[in-house]
Protein chains: 2
Amino acid sequence: MEFLTVLKERGLKATPQRVAVLKELDKKTHPTMEEMYSNIKEDNPTISLATIYKNVNLLKEQGIVIEINMPNGKMRYDYLSYPHIHLVCKSCGYIEDLDYDENLFKFQKSIEDSKGVIIDRLDVVASVESCKFCK
Amino acid sequence: MEFLTVLKERGLKATPQRVAVLKELDKKTHPTMEEMYSNIKEDNPTISLATIYKNVNLLKEQGIVIEINMPNGKMRYDYLSYPHIHLVCKSCGYIEDLDYDENLFKFQKSIEDSKGVIIDRLDVVASVESCKFCK
DNA sequence: CTATTTGCAAACCCTTTGCAAAAAT
DNA sequence: ATTTTTGCAAAGGGTTTGCAAATAG
């Protein structure tokens, strides 16, 4: 199981709660804390919201989970199994993962060269007014 | 005064409090709500924090002010007088405005073409571990 | 004059914390 | 056996709300 490796590499214990959080985050549904809580509760009825928070924050510190600040102010979370960016719909909140492309790499390189820095992370959120999933 | 025009165009009343908020946001210091509050308070001692919130949120809805979700979880705000992106330092929190470049435009265009969407907004935050302003 | 905005204080989340019990390695 | 993690309930803190008074146009 990939998640167990990811956790072991970082010296984190593989509790059922923690693995469940990673699984939820890996579904590409970009859930909120509450959504993870209610989904995980189905199989793990005793889990608490505080445990979701603690684990998500821990994984965020490890850089493998990121926070997406939605236009409506709500936070959503995503497992960053590989670098990607987000296309979000402002009307319905749908989020799609998009791969980096050549132009984005060039953009990053040109900032690094002109500013003399190494970019550690590039968060990109492209917003559209409405999408094919809007009613 | 540019701000008065910006407000009039949107049918918003130009109260001294609102103009002061715009001025703070235009200083390129990317202040927090509290920072705006204490700065504005110096010249306008009766202003309330709630008024800062109400005005910033209003300007956000108008799309002329954006929220920057800092790595530490704190929110900072910026007047989007022209489209630009942010280079943020994870250690000291310094934020620098950077212009769009050719590559970023190409990137945007390629998503629009491949996905058949019009990107309404492109939020980019490039993070570095430390910068020249870190002690 | 009318509609909007302000300022205050209270209410409202969402998120974090402390701690004893439980679980992982 | 040791260290980490969980779950609970309470505390915390940033943000919003309701409303009467003040202000802008």
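Residues numbered from 1 in each chain as written. Chains lettered and ligands numbered in written order. Predicted model: local features only at pLDDT ≥ 70, side-chain atom pairs only at ≥ 80, totals over all residues. Heavy atoms only, no water.

A. Layout of the protein's contact with DNA strand C. Taken together, 20 residues surround DNA strand C, and among them Y53(A), N57(A), T15(B), R18(B) and K54(B) come closest. The share of sugar and phosphate among atoms of DNA strand C within 4 Å of the protein is 72%. Here a base nitrogen of DNA strand C and a side-chain polar atom of K13(A) are 3.0 Å apart. Breaking the surface near DNA strand C down by element, the ones donating at least two residues are helix 4 (49-61) of chain A together with helix 2 (16-25) and helix 4 (49-61) of chain B. A class-by-class count of the residues in the surface near DNA strand C yields seven nonpolar, eight polar and five charged. (Near = heavy atom within 4 Å. Polar contact = N/O pair within 3.5 Å; in protein donor to acceptor, adjacent residues only side chain to side chain. Helix = DSSP H or I, 4+ residues; strand = E, 2+ residues; numbered from the N terminus. Nonpolar A, V, L, I, M, F, W, Y, C, P; charged D, E, K, R; others polar.)

B. Representation of the packing of aromatic side chains within the structure. Residues and elements named next belong to chain A. Going through the model one piece at a time under the given rule, you end up with six aromatic pairs over all chains. Ring plane angle 55 degrees and centroid distance 4.4 Å describe the contact between Y94 and F133, whose orientation is recorded as tilted. With Y94 in the loop between strand 3 (84-89) and strand 4 (95-99) and F133 in the segment after strand 5 (121-128), this pair connects stretches of sequence that are 39 residues apart. Exposure remark for F133: the relative accessible area of 48% places this residue in the partly exposed category. (Phe/Tyr/Trp six-rings, centres within 6.5 Å; stacked < 30°, edge-to-face > 60°. Buried < 20%, exposed > 50% of the residue type's maximum accessible area, 1.4 Å probe, protein only.)

C. The arrangement of the domain arrangement of chain A in detail. Residue and element names in this part refer to chain A. Considered domain by domain, chain A is made up of domain 1 (1-80) and domain 2 (82-135). Relative placement of domain 1 and domain 2: their C-alpha centres are 22 Å apart. Each partner contributes to the roughly 910 Å² buried at the junction of domain 1 and domain 2, and carbon and sulfur atoms together form 64% of this total. Applying the counting criterion to the domain 1 and domain 2 interface returns zero salt bridges. Elements represented by at least two residues in the side of domain 1 that touches domain 2 include exactly strand 1 (65-69) and strand 2 (75-79). With three residues, the top contributor of residues to the side of domain 1 that touches domain 2 is strand 2. (Domains from an automatic or database assignment. Buried area = accessible area lost by both parts, 1.4 Å probe. Salt bridge = Lys/Arg side-chain N within 4 Å of Asp/Glu carboxyl O.)

D. Region of interest: the interface of chain A and chain B. Tallying the contact residues gives 29 residues for chain A and 29 residues for chain B. The largest per-residue losses of area from chain A upon contact with chain B belong to N103(A), F107(A) and D120(A), which jointly make up 21% of the total buried on that side. Taken together, chain A and chain B are joined by four salt bridges. Ionic pairing is found between D120(B) and K90(A), a salt bridge with its closest N-O pair at 2.6 Å. Inspection of the chain A/chain B interface yields 14 residue pairs in polar contact (both at pLDDT 80 or more). Contributing elements (two or more residues each) for the side of chain A that touches chain B: strand 1, strand 3, strand 4, helix 5 (102-115) and strand 5 of chain A. With eight residues, strand 5 of chain A is the single largest residue contributor to the side of chain A that touches chain B. Here the residues of the side of chain A that touches chain B sort into 15 nonpolar, four polar and 10 charged. In this structure, strand 5 of chain A lies alongside strand 5 (residues 121-128) of chain B, joined through seven bridges in antiparallel fashion. Opposite V125(A), over in strand 5 of chain B, you have D123(B) as the bridge partner. (Contact = heavy atoms within 4.5 Å. Pairing = 2+ DSSP bridges.)

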